[in-house]
Amino acid sequence: MESSVSFGVILAVLASLIIATNALVAMAVLPLIFKNDSVSLCFTLNLAVADALLGLAISGLVTDQLSSPARPTEKTLCSLRMAFVTSSAAASVLTVMLIAFDRYLAIKWPLRYFQIMNGFVVGTCLAGLWLVSNIIGFLPLGIHGFQQTTYRGSCSFFAVFHPRFVLTLSCIGFFPALLLFVFFYCDILKIASTHSQQIRNTEHAGALAGAHRPPRTPSDLKAVRTVAILIGSFTLSWSPFLITGIVQVACQECRLYLVLEQYLWLLGVGNSLLNPLIYACWQKEVRQQFSQMALAMKKGLAACLLLLARDGGPEGHRESVRYITTMSHLEPEG
């Protein structure tokens, strides 16, 4: 019982952080899409929406985990909850793949990129993405072989879905997508390194005749680090859960359900908390938008304090003016 409550508390904290973080990213990215007419930011916004929906989906499981005594959940309701969780997670993974493909096109064919990635293509890609995600999530409800034959009332992923579903999802979907994901970013790194080397060779043409090859620049190291973080976070988040699920199918006596549902599943869900930091906050324009939002909130707070101070008399008014003056001096220029 204590482990169930602890798991429920962790799930509640994780769900709250996922929803709040991705909602903040969506609020920052949406104005930038209308302002800059940016195609790539549409994918970033879609990732934030998918991750926020995943946080909302797992928040529905918190009540079951924290209830004392544990109350049983109908199998149909539990199946729908897990289908919603799976479809949201699939949308998040597919959006990460779509972002990788978008960046690959922008690097590989920069002159044709805006002809290929127009508004119609982006809308079609996103509509197809959500269609495929919902098919993946609700697939076990239509295939009897992907459902558990027995249900004890405690709602969890493997209480209603058979590990064969994870095996099929891994072999047909995740691992081929992972290989494609690694290919996209490794080829992007190769193209960027080639361009960087060509620039250095042009700059040093004639001046370094016969000299050794210039050392790797910090920008090259930054590119390698970025690709390593992108591939590493994506791989380490979901691979342990899916690989262990495959082991569970091959070894029915192993009983790995506790490890799968209370540890490795949380690791995969935690990827929705990393995505805003990796795909949104690393973009300069998004960081600038966050700064503007923080500045607007600070000015709004100062205005509220001024109104409150007026109700408090002359002394409060002077303190409020002094506070606003101090805040104005602290504001960055530009």
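A quick note: this is a predicted structure, and the numbers were derived from the prediction, not measured.

**Topic: the overall build of the protein chain**
Then step 1. Across its full length, the protein chain holds 13 helices and zero strands.
Then step 2. Along the chain direction, N to C, the helices and strands of the protein chain fall in the order α-α-α-α-α-α-α-α-α-α-α-α-α.
Then step 3. For the protein chain, with 334 residues in total, the buried portion stands at 41%.
Then step 4. For the protein chain, contacts bridging at least 24 residues in sequence account for 75% of all contacts bridging at least 6.

**Focus on the nonpolar core**
Then step 1. Counting residues in each nonpolar core, the largest one holds 64 residues, and the members touching the most others are Ile58, Phe181, Tyr185, Phe241, Trp265 and Tyr279.
Then step 2. If one sorts the elements of this core by residue count, helix H4 (residues 75-108) sits on top with 14 residues.
Then step 3. In this structure, Leu32, Ile33, Leu41 and Met293 belong to the second largest nonpolar core, which totals 13 residues.

**Description of the packing of aromatic side chains**
Two descriptors summarise a pair of aromatic rings, namely the distance from one centre to the other and the angle between the planes of the rings.
Then step 1. Under the defined criterion, the tally for this structure stands at 19 aromatic pairs.
Then step 2. A centroid spacing of 5.0 Å and a plane angle of 80° characterise the contact between Phe157 and Phe158, whose relative ring orientation is edge-to-face. Taken individually, Phe157 and Phe158 each receive the classification buried, so the pair is uniform in this respect.
Then step 3. Through pairs of rings, three or more aromatic residues link up here, namely Phe146, Phe157, Phe158, Phe161, Phe165, Trp238, Phe241 and Tyr257.

**Describing helix H10 (residues 257-269)**
Then step 1. Of all the bends in H10, the greatest, near 30°, is centred on Tyr263.
Then step 2. Looking only at H10, the buried set comprises Tyr257, Leu260, Glu261, Leu264, Trp265, Leu266, Gly268 and Val269.

**Structural notes on the pattern of salt bridges**
Between side chains of opposite charge, a pair can form when the charged atoms approach closely.
Then step 1. Enumeration according to the criterion identifies one salt bridge in this entry.
Then step 2. Between Asp187 and Lys108 there is a salt bridge whose closest N-O contact spans 3.8 Å. With a gap of 79 residues between them, Asp187 in helix H8 (residues 163-203) and Lys108 in helix H4 connect regions that are remote in the sequence.
Then step 3. Judged by its relative accessible area of 13%, Asp187 is buried.

**Here we look at the confidence of the model for the protein chain**
Then step 1. Chain-level statistics for the protein chain give a pLDDT mean of 82 and a share of 84% at 70 or above.
Then step 2. Mean pLDDT values for the elements of the protein chain range from 50 in helix H13 (residues 314-330) up to 94 in helix H6 (residues 119-142).
Then step 3. Overall, residues 213-217 carries pLDDT values under 50, and its contacts beyond four positions in sequence, including any with other chains, amount to nine contacts.
Then step 4. Taken together, the stretch residues 330-334 has pLDDT below 50 and engages in three contacts with residues farther than four places along the chain or on a different chain.

**Here we look at the packing of H10 against helix H11 (residues 271-280)**
Then step 1. Interhelical geometry of H10 versus H11 gives an angle of 25° and a closest axis separation of 5 Å. Here H10 is positioned roughly parallel relative to H11, judged by the angle of their axes. On H11, the residues that touch Leu267, Gly268 and Val269 of H10 are Asn271, Ser272 and Leu273.
Then step 2. Taken together, the residues of the contact of H10 with H11 break down into three nonpolar, three polar and no charged.

**Examining empty space enclosed by the protein**
Then step 1. On inspection of all chains with the given rule, the structure shows one cavity of 30 Å³ or more.
Then step 2. Of the pockets and cavities examined, the largest cavity occupies roughly 30 Å³.
Then step 3. For the lining of the largest cavity, the secondary structure elements donating two or more residues are helix H1 (2-36), helix H2 (40-59) and H11.
Then step 4. Counted by class, the lining of the largest cavity contains six nonpolar, three polar and one charged residues.

**Things to note about the state of the cysteines**
Then step 1. Tallied over the entire structure, the rule returns two disulfides.
Then step 2. Here Cys251 is linked by a disulfide to Cys254, with a sulfur-sulfur distance of 1.9 Å. Here the S-S torsion is close to 95°, and the disulfide linking Cys251 with Cys254 is therefore right-handed.
Then step 3. Among the residues examined, Cys251 registers a relative accessible area of 23% and is labelled partly exposed.

**Here's the deal with a nonpolar patch on the surface**
Then step 1. On the surface, Val5, Val9, Val13, Leu17 and Leu66 cluster together into a nonpolar patch covering about 370 Å² of accessible area.
Then step 2. Per-element tally for the nonpolar patch: the top contributor is H1, with four residues.
Then step 3. Among the structural elements, Leu17 can be located in helix H1.
Then step 4. Looking at Leu17, the relative accessible area reads 42%, which means it is partly exposed.

Calculation rules
- Residues numbered from 1 in each chain as written.
- Predicted model: local features only at pLDDT ≥ 70, side-chain atom pairs only at ≥ 80, totals over all residues.
- Heavy atoms only, no water.
- Helix = DSSP H or I, 4+ residues; strand = E, 2+ residues; numbered from the N terminus.
- Buried < 20%, exposed > 50% of the residue type's maximum accessible area, 1.4 Å probe, protein only.
- Contact = heavy atoms within 4.5 Å.
- Core = buried A, V, L, I, M, F, W, Y, C linked by side-chain atoms within 4.5 Å.
- Phe/Tyr/Trp six-rings, centres within 6.5 Å; stacked < 30°, edge-to-face > 60°.
- Bend = angle between axes of the 7 residues up to and from the residue.
- Salt bridge = Lys/Arg side-chain N within 4 Å of Asp/Glu carboxyl O.
- pLDDT = per-residue confidence, 0-100.
- Axes fitted to C-alpha atoms, helices over the stretch in contact; angles between N-to-C directions.
- Parallel < 35°, antiparallel > 145°, perpendicular 65-115°, else oblique.
- Nonpolar A, V, L, I, M, F, W, Y, C, P; charged D, E, K, R; others polar.
- 1 Å grid on protein atoms, 1.4 Å probe; cavity = no way out; pocket = protein on both sides within 12 Å on 5 of 7 lines; lining within 4 Å.
- Points joined across faces, edges and corners; volume = space filled by probe spheres on them.
- Disulfide = S-S within 2.5 Å.
- Patch = residues over 30% accessible without salt bridge, like charges linked within 9 Å, V, L, I, M, F, W, Y side chains within 5 Å.
- Areas by Shrake-Rupley, 256 points an atom, 1.4 Å probe, with all protein chains shown as cover.

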